[in-house]
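Chain and residue survey
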Amino acid sequence: MIIGILKEPFFETRVSLLPEHVVLLKKQNIQVKVQSGSGTNAFGSDENYLSAGAEILKREDVLTTSDVILSMHPISDEEMKMLKARTLLIGTYNPLSQIKSVKNWTQFGHTVFSLDMLPRTTRAQSMDVLSSQANIAGYRAVIMAAAQLPKYFPMFMTAAGSIAPAKILILGAGVAGLQAIATARRLGAVVEVFDTRPSVKEEVMSLGGKFVEVEGAADASLAGGYGVVQTEDYLKKQQQRIAEVAVKADVIICTAQIPGKRAPVLITEEILNKMKAGSLIIDLAASTGGNTAKTVDKETIVYNQVSIIGDSNLSAGMPADASKLYGKNMLNFLALFISKEGELNLNFDDDLVKGACVVHEAEVVNERVKEMLISDNLTDSI
Ligand code: NAD
């Protein structure tokens, strides 16, 4: 079997597998072909891949000769046409946000897996790229905030006077939010946290955060742990409560998201107008619209002397460890259907193989993607 690793688009710093992961595949007698320059930004040079036993080739040669293609971002339809028949493509393609592309993929006869569609079960944890990357994003959000805030994070009592600790508000206590709490607490900040899932209260408190409760949230227990859309009434109540904390905050870290939907607007223009001058918002939900009324994805804007940084790809700012963890997630996923001897055995009775598969045998097979196609009236290909 031949596994091909592609160089990612210009905006991406990470790579699907590093040389240290290639060594493990070689032990299974798997041939690995790497597009030249794939790992440069993640500090995996072509020489490192060669030493690990990979071949270094031009992109076209990787595309046309591999049985499995690894790329974090989707390749173009033109490149899909160049692949061998029935190639497996594996990445993090965010199919719920690009439903029209998914529909196109059905015409090429390849099998497409997207790791962000894996069910969030205990067995899936070792291959959960959303978690490994969100953990980095939560950490980096706090480090960036600490570096940019015109104030200290910890409390200080000095001969020149006392400094109060910074007040951090974290919206959403999923993987990124929990890591942000832990990192901000390590730096000595006071941390308050909102989430619609009351079940995270204990985790928040065990990390040293204060959980701010708003009663009446929609039940998310059947949504696989994800957030769900809330009623207008609840959102209004929540915004009022958030406003009370936000006006005193030095930093707000936004992580509240609902898969396949626009992120909830929790920091309204009215709240922004009342925030402290010099305060900072880091919005990790920017790519799905952001948790503030003014967030612009991939941009920093200043509104009412509040800086709003819209960045949903913070893990790419730490490409070495981000790729190391992503690559380990990928190896664990490959192990579901590649034997120790390097033989392919796709078993769609396995809930993880089935759950991560988006397109197979010219059909959309993922239930969540199918539902979205139906709601977007794009159903003729399923
Ligand atoms: P996410 O990025 O989709 O959302 C982040 C957080 O935002 C969630 O906690 C969500 O409840 C919250 N949120 C949504 N709407 C909100 C609102 N209006 N106000 C405030 N908060 C709001 O979530 P994630 O970090 O990917 O994790 C989702 C869930 O999956 C979590 O429960 C996590 O513990 C669970 N999980 C399970 C596994 C596993 O078992 N394999 C792995 C990782 C995460």
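Residues numbered from 1 in each chain as written. Predicted model: local features only at pLDDT ≥ 70, side-chain atom pairs only at ≥ 80, totals over all residues. Heavy atoms only, no water.

1. Section: empty space enclosed by the protein
Put simply, the rule is: The definitions used throughout rest on a 1 Å grid laid over the protein atoms alone, on which a cavity is an enclosed set of points accommodating a 1.4 Å probe that cannot get out and a pocket is an open set flanked by protein within 12 Å on both sides along at least five of seven lines; lining residues are those having an atom within 4 Å of a point. Grid points are joined across faces, edges and corners, and a volume is the space filled by probe spheres set on the points. Runs of E in the DSSP output that reach at least two residues are strands. Runs of H or I that reach at least four are helices, and both are numbered from the N terminus. Residue polarity follows a fixed list, in which Ala, Val, Leu, Ile, Met, Phe, Trp, Tyr, Cys and Pro are nonpolar, Asp, Glu, Lys and Arg are charged, and the others, Gly among them, are polar.
In total, this model carries 3 cavities of 30 Å³ or more according to the counting rule given. The volume enclosed by the largest cavity comes to roughly 50 Å³. As for the largest cavity, its lining consists of Lys167, Ile168, Leu169, Val190, Glu192, Val245, Lys248 and Ala249. At the level of secondary structure, the elements contributing two or more residues to the lining of the largest cavity comprise β9 (167–171) and β10 (190–194). It is β9 that contributes the most residues to the lining of the largest cavity, 3 residues altogether. Class assignment for the residues of the lining of the largest cavity results in 5 nonpolar, no polar and 3 charged. Counted as a void, the second largest cavity has a volume near 40 Å³. Around the second largest cavity, the lining residues are Lys7, Glu8, Pro9, Glu12, Thr13, Arg14, Gly37, Ser38 and Asn41. Of the residues belonging to the lining of the second largest cavity, the class tally is 1 nonpolar, 4 polar and 4 charged.

2. Regarding the pairing of β10
Condition: Exposure classes here rest on a 1.4 Å probe applied to the protein chains alone. A residue is buried below 20% of its type maximum, exposed above 50%, and partly exposed in between. Should DSSP find at least two bridges between two strands, the strands are regarded as paired. Seen with the strands pointing away from the viewer, any crossover whose path from the first strand over the helix to the second strand runs clockwise is right-handed.
Counting buried positions over the 5 residues of β10 gives 4, a clear majority of the element. In terms of strand pairing, β9 meets β10 through 5 bridges, oriented parallel. Considered in β10, the bridge of Lys167 is made with Val190. The handedness of the β9 to β10 crossover, carried by helix α7 (residues 175–186), is right-handed. Between the parallel pair β10 and strand β11 (residues 210–211), the chain is carried across by helix α8 (residues 201–206), and the sense of this crossover is right-handed.

3. Side note on the packing of aromatic side chains
Note the following rule: Two rings from Phe, Tyr or Trp (for Trp, the six-membered ring) form a pair when their centres are within 6.5 Å of each other. A pair whose planes differ by under 30 degrees is stacked, one over 60 is edge-to-face, and the rest are tilted.
Applying the stated criterion across every chain yields a total of 6 aromatic pairs. Pairing Phe10 with Phe11 gives two aromatic rings, centres 5.4 Å apart and planes at 85°, and the pair type is edge-to-face. Between Phe113 and Phe337 the ring centres are 5.5 Å apart and the planes differ by 15°, which places this aromatic pair in the stacked class. Placement of the pair is Phe113 in strand β6 (residues 111–114) and Phe337 in the loop between α11 (319–334) and α12 (351–356), with a sequence separation of 224 residues.

4. Description of the sheet that holds β6
Rule in force here: Contacts are assigned to residue pairs with any non-hydrogen atoms lying within 4.5 Å of each other. Here an angle of 0 to 180 degrees is reported between the N-to-C directions of two axes, which are lines fitted to C-alpha atoms, with helices fitted over the stretch in contact.
Pairing in this open sheet of 8 strands is mixed, and the strands run β3-β2-β1-β4-β5-β6-β16-β17 from one edge to the other. Strand pairing shows two members of the sheet lacking a second neighbour, β3 (55–57) and β17 (363–364), which therefore form its edges. Here 2 bridges tie strand β16 (residues 357–360) to β17, and the two strands are oriented antiparallel to one another. In the sheet register, His360 faces β17, and the bridge partner there is Glu363. The strands touched by α11 within the sheet are β1 (2–5), β4 (68–70), β5 (88–91) and β6, with β5 carrying the most contacts at an inclination of about 145°.

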